[in-house]
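# Secondary and tertiary structure notes
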Amino acid sequence: MKHINALLIKFMMIAVALEVILMLVTDLSFGAILYIALAVTLIAYVIGDLLILPASNNTVATIADAGLALVTIFMFNYVFRGAYISFADALLAAAVLGVGEWIFHKYVARAVFPERQ
């Protein structure tokens, strides 16, 4: 249950941030941005939060999550026909998500992996 709560919190954080940022700088639809948010959430949770965070520290996991977000967001140029996400737009979104991830990792360390503190 603790992973489901963490996933829901992470998805809500990412979805809100991406909706605000990508809605302002791109012409993507609300639904398309939600697909991107879902992909970023799942990939970053598995790789960044479950694999990298327990094996390293918050800084390394945050950089990894921001990097994964950048690549995932930018790769959606190849998924959505006719939509364009510039590298600068993806970088801006990833930087904002990185700030959120820094805070989220503190929650994960406390609520999901309390035995490692």
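What this report covers is the structure whose coordinates are included nearby. Computed from a prediction, not measured in an experiment: that's the story for all the values here. (Residues numbered from 1 in each chain as written. Predicted model: local features only at pLDDT ≥ 70, side-chain atom pairs only at ≥ 80, totals over all residues. Heavy atoms only, no water.)

## Some details on the overall build of the protein
Each helix and strand counted, the protein has four helices and zero strands in total. Taken from the N to the C terminus, the helices and strands of the protein come in the order α-α-α-α. The C-alpha radius of gyration of the protein comes to 14 Å, within 12% of the 13 Å expected for a compact globule of 117 residues. Based on the C-alpha atoms only, the size of the protein along its principal axes is roughly 45 × 25 × 20 Å. In the protein, buried positions account for 44% of the 117 residues. Summarising the internal contacts of the protein: among those between residues at least 6 apart in sequence, 69% fall at separations of at least 24. (Helix = DSSP H or I, 4+ residues; strand = E, 2+ residues; numbered from the N terminus. Rg over C-alpha atoms; globule rule 2.2 N^0.38 Å. Buried < 20%, exposed > 50% of the residue type's maximum accessible area, 1.4 Å probe, protein only. Contact = heavy atoms within 4.5 Å.)

## Concerning the side chain of T62
Within the element layout of this structure, T62 appears in helix α3 (residues 58-75). Take T62: its relative accessible area is 10%, and that puts it in the buried class. Of note is the side chain of T62, whose polar atom sits 2.7 Å from the backbone oxygen of N58. Of the polar contacts made by the side chain of T62, one reaches the side chain of H105; its length is 3.2 Å. Setting aside anything within four residues of it in sequence, one finds T62 in contact with G98, E101, W102 and H105. (Polar contact = N/O pair within 3.5 Å; in protein donor to acceptor, adjacent residues only side chain to side chain.)

## Structural notes on the pattern of salt bridges
All chains considered together, the criterion is met by three salt bridges. Two residues, K10 and D49, come together in a salt bridge whose shortest N-O distance is 2.8 Å. Of this pair, K10 sits in helix α1 (residues 2-25) while D49 is found in helix α2 (residues 30-55), placing the two residues 39 residues apart along the sequence. No difference in accessibility class separates K10 from D49, as the two residues are buried. One salt bridge in this structure joins D65 and K10, with 3.7 Å as the shortest N-O distance. Here the residue D65 occupies a position in helix α3, and K10 occupies one in helix α1, the gap between them amounting to 55 residues. The burial state of D65 is the same as that of K10; both residues are buried. Linked by salt bridges that have partners in common, K10, D49, D65 and E101 make up one network. (Salt bridge = Lys/Arg side-chain N within 4 Å of Asp/Glu carboxyl O.)

## Description of the nonpolar core
Membership of the largest hydrophobic core comes to 24 residues, with the highest contact counts inside it found for L18, L22, L28, I36, I73, I85 and L97. Those residues in contact with L97 that lie beyond four places of it in its chain are I14, A17, L18, V40, A69 and I73. Listed in part, the eight residues of the second largest apolar core include A6, Y45, A61 and F113. (Core = buried A, V, L, I, M, F, W, Y, C linked by side-chain atoms within 4.5 Å.)

## Observations concerning the side chain of E101
Take E101: it is sitting in helix α4 (residues 87-111). Exposure remark for E101: the relative accessible area of 3% places this residue in the buried category. Setting aside residues up to four positions removed in sequence, E101 forms contacts with K10, M13, I14, D49, N58, T62 and D65.

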